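Topology and contacts: notes
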Amino acid sequence: PGCVGHKNCANCLIYALWWRRKLLRNIGRVTRRHIPEMIHVGRLLAEARRSLGMTQAEVAAKTGTSTQALGQVEQGWRKPSRAWLEKLAETVGVSL
C-alpha cells in the first residue's frame, strides 16, 4: 500500500484499479479477424458437411486435421493450404 515508483505491485490499489479498467475495456474486443474470402468457402464446406450428415469430428478424422482447425475454417477464421482445401472439398463432395 502506498508504493511509489513502480507499476506492478500486487498490493498497490492504484495499479489494481488501472488493471481492472484495462481489462474491462478490452472485454468483448475481437483480437482476430475473419478472412473475408474464407467466410463463403467455410459456409459452403459446413453446409455440404451437414447435408451429408457428417460431424466436424468425422470430416477432421478423414482429412487428418483437428476439429478445432476445421471449425476455424468453417467460420472463416483460418485459411487452409491448397492441399488441405482440396482434401476437405473431396471429403464433403464439393468441387473447387
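Residues numbered from 1 in each chain as written. Predicted model: local features only at pLDDT ≥ 70, side-chain atom pairs only at ≥ 80, totals over all residues. Heavy atoms only, no water.

Here we come to the overall build of the protein chain. Counting secondary structure elements, the protein chain contains five helices and zero strands. For the protein chain, the succession of helices and strands along the chain, N to C, is α-α-α-α-α. By the burial criterion, 27% of the 96 residues in the protein chain qualify as buried. The long-range fraction of contacts in the protein chain, counting pairs at least 24 apart against all pairs at least 6 apart in sequence, stands at 57%. (Helix = DSSP H or I, 4+ residues; strand = E, 2+ residues; numbered from the N terminus. Buried < 20%, exposed > 50% of the residue type's maximum accessible area, 1.4 Å probe, protein only. Contact = heavy atoms within 4.5 Å.)

A separate point is helix H5 (residues 82-92). Turning to H5, its buried residues are Trp84, Leu85, Leu88, Ala89 and Val92. Down the axis of H5, the smallest arc covering the buried residues is 135 degrees, so these residues share one side. Residues of H5 that are exposed and point over 90 degrees away from its buried face: Arg82, Ala83 and Glu90. Looking one or two residues past H5, Gly93 carries a phi angle of roughly 75 degrees, positive in sign. (Arc of directions from axis to C-beta.)

Moving on: a nonpolar patch on the surface. On the surface, a cluster of nonpolar side chains totalling about 530 Å² of accessible area is made up of Trp18, Trp19, Leu23, Leu24 and Ile27. Among the structural elements, Trp18 can be located in helix H1 (residues 13-26). (Patch = residues over 30% accessible without salt bridge, like charges linked within 9 Å, V, L, I, M, F, W, Y side chains within 5 Å. Areas by Shrake-Rupley, 256 points an atom, 1.4 Å probe, with all protein chains shown as cover. Salt bridge = Lys/Arg side-chain N within 4 Å of Asp/Glu carboxyl O.)

As a further point, take the packing of helix H2 (residues 36-51) against helix H4 (residues 67-75). Look at H2 against H4: their axes get within 6 Å of each other, and the N-to-C directions meet at 120 degrees. Considering the angle they form, H2 stands oblique to H4. Contacts from Met38, Ile39, Gly42, Arg43, Leu45, Ala46 and Arg49 in H2 reach Val73, Glu74 and Gln75 in H4. Here the residues of the contact of H2 with H4 sort into five nonpolar, two polar and three charged. (Axes fitted to C-alpha atoms, helices over the stretch in contact; angles between N-to-C directions. Parallel < 35°, antiparallel > 145°, perpendicular 65-115°, else oblique. Nonpolar A, V, L, I, M, F, W, Y, C, P; charged D, E, K, R; others polar.)

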